Amino acid sequence: MHGVRAELLDCQSPLSVPHNALADVKPQEEERTMDEPAVIGQRVQRLRAERGLTQRQLAEPAYTAAYISTLESGRVRPSETALRFLAERLGTTYEELTTGRSARLATELRLALTDARRLLATGTLGEAAARYRELLTEAEELALEPERADALTGLGECALESGELDAAREHFESAERILTSAGEPLPRRVRALRGRAVAHLLAGELRYACYVLETALDELNAQGLHDPDALLLLYASSIGPYMDMGAHARAAQAAELALSLAPQVSDPALVAGMHRSVARTLLAEGRIAEADASLAKAQDLYQQLQTRTELAHCHWMRGYVQAQNGDLEAAERELRTAREMLAARSAALYTAQVEVELADVLRRRGKRDEAVALLSRLLELGAGLGDGRGAVHAAGARRLLGLIAEEGGADERAEEHYVLALALLERSGAAGDLADLCRLLGDLLRRTGRTEAALDAYRTGLGHRAAPGTTTLGPAPAAPPFRGAW
């Protein structure tokens, strides 16, 4: 009786709708994404023959041989219930049976994306970018949207570290659009969102970068989405714009929150590699769900490896705070640590920015020749600091060279550096740095007898001055509850 009832239900065939390219189809949409009945019937017949099953053996106990014959001839559109039963009997998946798209291919693509993330995490930037481009093409061909978004995010991160800011922003924006359209929650979109914010930061758009990061933090906390990885990325990424805008109290708070969320894994690369190997073995054995679970663990660990860039920013912030407190020896240690961590990641633009801070500490410790050599290399040998690309730190390098020149009695050279720094800062929104630079330039002009020019410089600085510790964006984002509980 069960088989007859099932066949009657299966005969109620809905109209066919062309396949929609989505990787994770919602249950209410599954019937609309099936292939035509004739195509499904041919697929069932082929798989049955490959496995040496008769129509009766495939059908029992829920259906009859006659029903399988009707299905294979394409004269009936089977229900989801029937197809899931047949998929289990044929040793395949519902998705593969209905669309011809192998779940194995999707898992293999996720495995390849994990490998690309390993390449990016361990610093082989060129290889990672090339691999992500290949995988983006594969994801598009297979119509796997979440995997396409992951490939775009990976390409954005590669472009970000190599300093190709326009390309990075385009990749991140595309990934966000795909994930938003797929209804993915905010923690799933944070990687792309954070990347977009950092691209704006490195382009000198400080206030907008703050806005993007703070809005995401507020939304996460308001919705109770206290995902530690997402929060760490956002808090750590907000340190840079806070520092550049003179919001040092906010930067220090963000650094401490990020460090409190930092994962405690002795050697995540080894553990992640183990999970990748296990996933490959499981995949070879056809145990796709278990392979996916192992891959998820590997991806989490590679994410922890990628947080080295974020943790380097925390060491950078600590070095800055120690320098402000006059503990120059400790500041130098922290900044050198940050520099080494970023250089190991081939993060050239970030490394250059830390080296500007390190040069300031070296100058204050009396190591002027080392500071000048470091700053000159950054500005003259293609490090890439300049207007629209690390402008705030390029201005910082010029400012430091101006200070060192002024301390050595080379007033004309000092003025040249200050003026170049001023041009870089005026478009960046770094109000605190600009006000300080105008004071230095004004003092130099006044000391050399150019009173009117000095007054103009002072007025420029006063016009851009901001209250200490603010970003003009309102209150800082609230700290997540349960801090330190993870």
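Residues numbered from 1 in each chain as written. Predicted model: local features only at pLDDT ≥ 70, side-chain atom pairs only at ≥ 80, totals over all residues. Heavy atoms only, no water.

- Per an unreviewed UniProt entry, the protein chain goes by the name Helix-turn-helix transcriptional regulator and belongs to Streptomyces sannanensis.

**Describing the overall build of the protein chain**
For step 1, the next point in the chain: Helices and strands together make up the secondary structure of the protein chain, namely 23 helices and zero strands.
For step 2, the next point in the chain: Burial statistics for the protein chain: of 486 residues in total, 50% are counted as buried.
For step 3, the next point in the chain: A fraction of 65% describes how many contacts in the protein chain between residues 6 or more apart in sequence connect residues 24 or more apart.
For step 4, the next point in the chain: As presented, the protein chain carries roughly 21700 Å² of accessible surface, and 51% of it is formed by carbon and sulfur atoms. (Helix = DSSP H or I, 4+ residues; strand = E, 2+ residues; numbered from the N terminus. Buried < 20%, exposed > 50% of the residue type's maximum accessible area, 1.4 Å probe, protein only. Contact = heavy atoms within 4.5 Å. Areas by Shrake-Rupley, 256 points an atom, 1.4 Å probe, with all protein chains shown as cover.)

**With respect to the confidence of the model for the protein chain**
For step 1, the next point in the chain: Averaged over the protein chain, the pLDDT score is 78; the fraction of residues at 70 or greater is 75%.
For step 2, the next point in the chain: When mean pLDDT is compared element by element in the protein chain, helix H10 (residues 165–181) scores highest at 94, while helix H1 (residues 2–10) scores lowest at 36.
For step 3, the next point in the chain: Confidence over residues 1–32 falls short of pLDDT 50; this stretch has 52 contacts with residues more than four positions distant or in other chains.
For step 4, the next point in the chain: Scored below 50 in pLDDT, residues 466–473 shows 20 contacts in the model against residues more than four places distant or in partner chains. (pLDDT = per-residue confidence, 0-100.)

**Examining the pattern of salt bridges**
For step 1, the next point in the chain: Inspection of the entire model under this criterion finds 33 salt bridges.
For step 2, the next point in the chain: The partner of Glu-134 in a salt bridge is Arg-131, with the nearest N and O atoms 2.7 Å apart. Note that Glu-134 and Arg-131 are positioned in helix H8 (residues 125–142) at a spacing of three residues, about one turn of the helix.
For step 3, the next point in the chain: On the basis of relative accessible area, Glu-134 is assigned to the partly exposed category, the value being 42%.
For step 4, the next point in the chain: With a relative accessible area of 26%, Arg-131 lands in the partly exposed category. (Salt bridge = Lys/Arg side-chain N within 4 Å of Asp/Glu carboxyl O.)

**Structural notes on the environment of Arg-363**
For step 1, the next point in the chain: Among the structural elements, Arg-363 can be located in helix H18 (residues 348–364).
For step 2, the next point in the chain: What makes Arg-363 buried here is its relative accessible area of 15%.
For step 3, the next point in the chain: Spatially, the C-alpha atom of Arg-363 lies 9.2 Å from that of Leu-403, the residues being 40 residues apart in sequence.
For step 4, the next point in the chain: Contact partners of Arg-363, with chain neighbours within four places excluded, come to Arg-368, Ala-371, Leu-400, Leu-403, Ile-404 and Glu-407.
For step 5, the next point in the chain: Only 2.6 Å separates the side chain of Arg-363 from the side chain of Glu-407, close enough to count as a polar contact. (Polar contact = N/O pair within 3.5 Å; in protein donor to acceptor, adjacent residues only side chain to side chain.)

**Quick notes on helix H17 (residues 328–344)**
For step 1, the next point in the chain: With 17 residues, H17 ought to run about 24 Å at 1.5 Å a step, and its terminal C-alpha atoms sit 24 Å apart, in line with that.
For step 2, the next point in the chain: Those residues of H17 lying buried are Leu-328, Ala-330, Ala-331, Glu-332, Glu-334, Leu-335, Ala-338 and Leu-342. (Expected span 1.5 Å × (residues − 1).)

**As for the packing of H8 against helix H9 (residues 145–162)**
For step 1, the next point in the chain: Their axes nearest at 8 Å, the elements H8 and H9 cross at an angle of 155 degrees. Overall, the two elements H8 and H9 adopt an arrangement that is roughly antiparallel. In the packing of H8 onto H9, the handedness of the crossing is left-handed. Of the residues in H9, those in contact with Leu-125, Ala-128, Ala-129, Tyr-132, Arg-133, Leu-135, Leu-136, Ala-139 and Glu-140 of H8 are Glu-147, Arg-148, Asp-150, Ala-151, Leu-152, Gly-154, Leu-155, Cys-158, Glu-161 and Ser-162.
For step 2, the next point in the chain: For the contact of H8 with H9, the residue count by class is eleven nonpolar, two polar and six charged. (Axes fitted to C-alpha atoms, helices over the stretch in contact; angles between N-to-C directions. Parallel < 35°, antiparallel > 145°, perpendicular 65-115°, else oblique. Left-handed = near helix turned anticlockwise from the far one by under 90°. Nonpolar A, V, L, I, M, F, W, Y, C, P; charged D, E, K, R; others polar.)

**Re the side chain of Thr-98**
For step 1, the next point in the chain: Tracing the backbone through its elements, the reader meets Thr-98 in helix H6 (residues 94–99).
For step 2, the next point in the chain: A distance of 2.9 Å separates a polar side-chain atom of Thr-98 from the backbone oxygen of Tyr-94.

**Considerations on helix H11 (residues 186–202)**
For step 1, the next point in the chain: Compared with the 24 Å implied by 1.5 Å per residue over 17 residues, the 23 Å span of H11 between its first and last C-alpha is a close match.
For step 2, the next point in the chain: At Ala-192, H11 shows its largest kink, close to 35 degrees.
For step 3, the next point in the chain: Across the 17 residues that make up H11, a large majority, 15, are buried.
For step 4, the next point in the chain: One or two steps after H11, the chain reaches Gly-204, where phi turns positive at roughly 95 degrees. (Bend = angle between axes of the 7 residues up to and from the residue.)

**Section: the packing of aromatic side chains**
Two aromatic rings, taken as a pair, are described by how far apart their centres are and by the angle between their planes.
For step 1, the next point in the chain: Scanning the entire structure with this criterion turns up three aromatic pairs.
For step 2, the next point in the chain: Aromatic pair Tyr-63 and Phe-85: ring centres 5.4 Å apart, planes at 55 degrees, arrangement tilted. A residue pair is termed long-range when its members are at least 10 positions apart, and Tyr-63 in the loop between helix H3 (55–59) and helix H4 (65–72) and Phe-85 in helix H5 (residues 80–90) qualify at 22 residues. Both residues of the pair, Tyr-63 and Phe-85, belong to the buried class.
For step 3, the next point in the chain: Grouped by ring-pair contacts, the aromatic residues Tyr-63, Tyr-67 and Phe-85 constitute a single cluster. (Phe/Tyr/Trp six-rings, centres within 6.5 Å; stacked < 30°, edge-to-face > 60°.)

**Overview of the nonpolar core**
For step 1, the next point in the chain: Within the largest apolar cluster, 110 residues are counted, with the highest numbers of intra-cluster contacts made by Tyr-132, Leu-160, Leu-234, Ile-239 and Tyr-418.
For step 2, the next point in the chain: Those residues within four positions of Tyr-132 in sequence are excluded, and the remaining contacts are Leu-113, Ala-116, Arg-117, Leu-120, Asp-150, Ala-151, Gly-154, Leu-155, Cys-158 and Arg-191.
For step 3, the next point in the chain: Among the nonpolar cores identified, the runner-up in size contains 19 residues, and Leu-47, Ala-59, Tyr-63 and Leu-86 belong to it. (Core = buried A, V, L, I, M, F, W, Y, C linked by side-chain atoms within 4.5 Å.)

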